[in-house]
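# Results of the structural survey
So you can see what is in the structure, the chains are spelled out below.
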Amino acid sequence: MNVSDATRNGVEVDVATNLLNGTVRLSVLWTDEIYLRPDDAERVAHALLRAAEHARRIAEHRSSGPGSSIAASQ
């Protein structure tokens, strides 16, 4: 995702899902804060929603995988 700071200072936002553990990462690169235009804020929000859904599918798949019934019965 290419979302940059509205003040044009080179700050970028990145959203990703960890395929191993299903966590969602939101990175604000090069600073501690970022000022987004409304359209870019909406793009980040949608990216976070997509990543959250993807993370849920990963967690569901992991919990329903082989050996999950053994872990649940202990």
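As shown above, the structure is provided for reference.
Computed from a predicted structure; not experimentally measured.

### Focus on the pairing of strand β3 (residues 24-29)
Taken residue by residue, a regular strand's side chains alternate between the two faces of the sheet. Pairing of strand β2 (residues 12-17) with β3, which is carried by six bridges, proceeds in the antiparallel orientation. Note on β3: the bridge partner recorded for alanine 16 is arginine 25. Linking two consecutive strands that pair antiparallel, namely β2 and β3, is a turn of six residues; a positive phi of about 75 degrees is found at glycine 22 within it.

### What to know about the environment of valine 44
Note that valine 44 resides in helix α1 (residues 38-63). Assessed through its relative accessible area of 9%, valine 44 is described here as buried. Each C-alpha atom, one on valine 44 and one on valine 15, is 7.7 Å from the other, the two residues being 29 residues apart in sequence. Leave out the neighbours within four places in its chain, and valine 44 touches Met1, Val3, Val13, Leu26 and Leu36.

### Overview of a nonpolar patch on the surface
There is a patch of nonpolar side chains on the surface, built from Val24, Leu26, Val28 and Leu48 and spanning about 270 Å² of accessible area. Take the nonpolar patch: its biggest share by element is three residues, from β3. Looking at the element boundaries, valine 24 is found in strand β3. Classification of valine 24 as partly exposed rests on a relative accessible area of 36%.

### Notes on the sheet that holds β3
Read from one edge of the open sheet, three strands run β1-β2-β3, paired in antiparallel fashion. Lying at the two open borders of the sheet, with one neighbouring strand each, are β1 (3-4) and β3. The sheet strands contacting α1 are β1, β2 and β3, and the helix crosses β2 at an angle near 15 degrees.

Procedures and definitions
Residues numbered from 1 in each chain as written. Predicted model: local features only at pLDDT ≥ 70, side-chain atom pairs only at ≥ 80, totals over all residues. Heavy atoms only, no water. Pairing = 2+ DSSP bridges. Helix = DSSP H or I, 4+ residues; strand = E, 2+ residues; numbered from the N terminus. Buried < 20%, exposed > 50% of the residue type's maximum accessible area, 1.4 Å probe, protein only. Contact = heavy atoms within 4.5 Å. Patch = residues over 30% accessible without salt bridge, like charges linked within 9 Å, V, L, I, M, F, W, Y side chains within 5 Å. Areas by Shrake-Rupley, 256 points an atom, 1.4 Å probe, with all protein chains shown as cover. Salt bridge = Lys/Arg side-chain N within 4 Å of Asp/Glu carboxyl O. Axes fitted to C-alpha atoms, helices over the stretch in contact; angles between N-to-C directions.

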